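# Report on the structure
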Amino acid sequence: MRYSTSGGTLLRNVQPLFADLWGGGFAIAHNGNLTNARALRSDLVRQGAIFQSTSDTETILQLTARSQKLNTVERFIDALRQIEGAYSLVVLTNKKLIGVRDPLGIRPLVLGTLAGAPILASETVALDIIGADYVRDVEPGEMIVATKDGIESLHPFPPQRPRPCVFEYIYFARPDSQFGGHSVYNVRKALGAQLAAESNVEADVVVPVPDSGVPAAIGYARASGIPFELGIIRNHYVGRTFIEPTQQIRALGVKLKHNANRAVVEGKRIILVDDSIVRGTTSVKIVKMMYEAGAREVHMRIASPPITHPDFYGIDTPEQEQLLAANYDLEGMRAYIGVDSLAFITVDGLYRALGYEGRDPVYPQFTDHCFTGDYPTPLTDKNGTQRHQLSLLAEIA
Ligand code: AMP
């Protein structure tokens, strides 16, 4: 099932969504998030469409169902040409397995093989789990159509410069995955090394915020020569704090999730490494815990630039008002978190860790909108196009 990044956590939103279309059954699963689904949906509803879910993905199903093109693949492509945003999609029809990645390749999609059969998944870890072999990434804008006769590769969109989401490397993807020619784990270590090169400080130990900060802390420790220690122990029986719905439960979750390891922390100057700060909830708790366990100094180092802008492509960050870095400058964040010093990797440093000289200012190699506000697609639903506003008005009237 998809992480519920839009449309809410409802049973009827569970993927794959399925419908009996003209021409046969059509099941669809979606990694990503559309940025014009609401606008499209209100038009479709006005035309008489009956939606069964609140998921943005159903818009694709409805558009496919209504297309006048002659075969299922063409009807699906017709639908894709109307949607905006991030989508890696896998579709199963009676005779075909179809995978497609949006023209910018915002979310990943990989092709694997098992016993001669093609497998499509967002990440290579899914292939590992079932014992399949990784073949290659599906390219941005590429559509793979697999039938019993073999695999066909189509390019149904006008070519664009790819902008895969850099946050996959920072936090979202599993470290044991590989795509875009990188091992996610190695990128995270390189981020830590880059962070050390940019903002090292004298200290006794490098401590990761587990689990997400571990690879970056390993890279940081190796580059700085400061020993790596597990100063925080993670309780593996609670879920990711971020997915909990209310702030109260989230705060409790953070406490249940981590505990200071006094044997490492007491009397020490600590460099605390995490992959990112979203609201700041985790950082505040962990830092307090470090001082309570006797840390002499705590220096926080973050392996991503400050998150100043929300994501609309499936990463599921909160609204801008809740993002710490959207509300405070660096000194304000340092004071809020209560650390002796705070530093984030630079945007160019992030690109260096990925093997570039820096961010190409004209054609950025990735989408990094969370750090720069440079969104790679129109944000039709957020900004409300005229068409959308008109249909809302029509509803009210
Ligand atoms: P916060 O406590 O809100 O500042 O969240 C920061 C923590 O959440 C970090 O330790 C990250 O590893 C993790 N995190 C960052 N981005 C996300 C995300 N999109 N979904 C879930 N967790 C995240």
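Here, the structure is the one placed above.
Treat the numbers as computed from the prediction; the structure is a model and nothing was measured.

## What about the packing of helix 1 (residues 37-46) against helix 2 (residues 57-66)?
Following both chains from N to C, one finds helix 1 and helix 2 inclined at 45°, their axes separated by 10 Å at the closest point. On the basis of the axis angle, helix 1 is oblique to helix 2. Crossing of helix 1 against helix 2: the hand is left-handed. Taking contact as the criterion, the partners of Ala-37, Leu-40, Arg-41 and Leu-44 in helix 1 are, on helix 2, Thr-59, Gln-62, Leu-63 and Arg-66.

## Considerations on helix 6 (residues 184-199)
An α-helix turns once every 3.6 residues. As a result, residues three or four positions apart point the same way. For helix 6, built from 16 residues, the straight-helix expectation of 22 Å at 1.5 Å per residue is met to within 8% by its first-to-last C-alpha distance of 22 Å. Looking only at helix 6, the buried set comprises Val-184, Val-187, Arg-188, Lys-189, Leu-191, Gly-192, Gln-194, Leu-195, Ala-196 and Ser-199.

## Some thoughts on the sheet that holds strand 9 (residues 150-154)
If you trace the 6 strands from one edge of the open sheet to the other, you get 1-2-3-4-8-9, paired in antiparallel fashion. Looking at which strands have only one partner, the edges of the open sheet turn out to be strand 1 (17-21) and strand 9. Looking at each pair of strands side by side, their axes are set apart by 20° on average, direction ignored. Bridge count for strand 4 (residues 97-101) against strand 8 (residues 143-147) is 4 bridges, and the pairing is antiparallel. Residue pairing in the sheet places Leu-97 in a bridge with Ala-146 of strand 8.

## Observations concerning the site of the ligand
The ligand sits among 15 residues. The nearest are Asp-274, Asp-275, Arg-279, Gly-280 and Thr-282. Interatomic distance of 2.8 Å between a side-chain N/O atom of Ser-212 and an oxygen atom of the ligand. In this structure, an oxygen atom belonging to the ligand sits 2.8 Å away from a main-chain N or O atom of Arg-279. For the ligand, whose free accessible area comes to 500 Å², the fraction covered by protein is 95%. The residue makeup of the shell around the ligand, split by class, is 7 nonpolar, 5 polar and 3 charged.

## Remarks on the pattern of salt bridges
Evaluation of the coordinates by the stated rule reveals 14 salt bridges. The partner of Glu-202 in a salt bridge is Arg-269, with the nearest N and O atoms 3.3 Å apart. Remark: Arg-269 occurs in strand 15 (residues 269-274) and Glu-202 occurs in the loop between helix 6 and strand 12 (205-208); sequence separation between them is 67 residues. The exposure class assigned to Arg-269 is buried, which follows from its relative accessible area of 17%. Salt-bridge contacts for Arg-359 lead to Asp-368; the nearest nitrogen and oxygen are separated by 2.5 Å. Both residues of the pair, Arg-359 and Asp-368, count as buried. Residues participating in the shared-partner salt-bridge network are Arg-163, Arg-359, Asp-368 and Asp-374.

## Digging into a nonpolar patch on the surface
There is a patch of nonpolar side chains on the surface, built from Leu-114, Ile-129 and Ile-130 and spanning about 280 Å² of accessible area. Along the chain, Leu-114 turns up in strand 5 (residues 110-114).

## What to know about the pairing of strand 16 (residues 297-302)
For a regular strand, side-chain orientation follows a simple rule: the groups alternate between the two sheet faces. Strand 16 sits mainly inside the fold: 5 of its 6 residues count as buried. Relative to strand 16, strand 15 runs parallel, the two sharing 6 bridges. Within strand 16, the position partnered with Val-273 by the bridge is Arg-301. Inspection of the sheet shows strand 16 paired to strand 17 (residues 341-344) by 4 bridges, in the parallel sense.

## What about empty space enclosed by the protein?
A probe matching the size of a water molecule, rolled over the atoms, marks out where space remains unfilled. With the rule as written, the count across this model stands at 2 cavities of 30 Å³ or more. In this structure, the second largest cavity encloses a volume near 30 Å³. In this structure, the second largest cavity is lined by Ile-170, Arg-188, Leu-191, Ser-212, Ala-216, Asp-275 and Ala-303. Broken down by class, the residue content of the lining of the second largest cavity amounts to 4 nonpolar, 1 polar and 2 charged.

## Focus on unusual backbone geometry
A negative phi holds for most residues other than glycine; trans holds for most peptide bonds. Omega for the bond connecting Gln-15 with Pro-16 falls within 30 degrees of zero, at 0°, which places this linkage in the cis form. Backbone torsion omega between Pro-210 and Asp-211 reads -10°, so that peptide bond is classified as cis. Mapped onto the elements, Asp-211 comes out in the loop between strand 12 and helix 7 (214-224). Notably, Ala-115 is not glycine yet its phi reads approximately 50°, a positive angle. The backbone of Asp-316 shows a phi angle near 65°, a positive value even though the residue is not glycine. Tracing the sequence through the fold places Asp-316 in the loop between strand 16 and helix 11 (324-327).

## Examining the side chain of Glu-168
Residue placement: Glu-168 occurs in helix 5 (residues 167-172). Take Glu-168: its relative accessible area is 2%, and that puts it in the buried class. Looking at Glu-168, its side chain comes within polar contact range of the side chain of Arg-107, at 2.7 Å. Residues contacting Glu-168, with those up to four places away along its chain left out, are Arg-107, Pro-108, Glu-123, Ala-173, Phe-179, Val-184 and Arg-188.

## Description of the nonpolar core
The biggest cluster of nonpolar side chains holds 47 residues, and the ones touching the most others in it are Leu-191, Val-206, Ile-271 and Phe-371. Counting only elements with at least two residues in this core, the list comes to strand 6 (117-121), helix 5, helix 6, helix 7, strand 15, helix 13 (347-353) and helix 14 (369-372). Of all the elements, helix 6 adds the most residues to this core, at 5 residues. Both domains that furnish three or more residues to this core are identified here as domain 1 (11-163) and domain 2 (183-368). Excluding residues within four positions of it along the chain, Ile-271 makes contact with Asn-200, Val-201, Ala-203, Val-205, Val-206, Val-207, Tyr-220, Ile-226, His-299 and Arg-301. Ranked by size, the runner-up nonpolar core spans 28 residues in total, among them Ala-19, Ala-37, Leu-61 and Leu-80.

Reading guide: rules and limits
- Residues numbered from 1 in each chain as written.
- Predicted model: local features only at pLDDT ≥ 70, side-chain atom pairs only at ≥ 80, totals over all residues.
- Heavy atoms only, no water.
- Axes fitted to C-alpha atoms, helices over the stretch in contact; angles between N-to-C directions.
- Helix = DSSP H or I, 4+ residues; strand = E, 2+ residues; numbered from the N terminus.
- Parallel < 35°, antiparallel > 145°, perpendicular 65-115°, else oblique.
- Left-handed = near helix turned anticlockwise from the far one by under 90°.
- Contact = heavy atoms within 4.5 Å.
- Expected span 1.5 Å × (residues − 1).
- Buried < 20%, exposed > 50% of the residue type's maximum accessible area, 1.4 Å probe, protein only.
- Pairing = 2+ DSSP bridges.
- Near = heavy atom within 4 Å.
- Polar contact = N/O pair within 3.5 Å; in protein donor to acceptor, adjacent residues only side chain to side chain.
- Areas by Shrake-Rupley, 256 points an atom, 1.4 Å probe, with all protein chains shown as cover.
- Nonpolar A, V, L, I, M, F, W, Y, C, P; charged D, E, K, R; others polar.
- Salt bridge = Lys/Arg side-chain N within 4 Å of Asp/Glu carboxyl O.
- Patch = residues over 30% accessible without salt bridge, like charges linked within 9 Å, V, L, I, M, F, W, Y side chains within 5 Å.
- 1 Å grid on protein atoms, 1.4 Å probe; cavity = no way out; pocket = protein on both sides within 12 Å on 5 of 7 lines; lining within 4 Å.
- Points joined across faces, edges and corners; volume = space filled by probe spheres on them.
- Core = buried A, V, L, I, M, F, W, Y, C linked by side-chain atoms within 4.5 Å.
- Domains from an automatic or database assignment.

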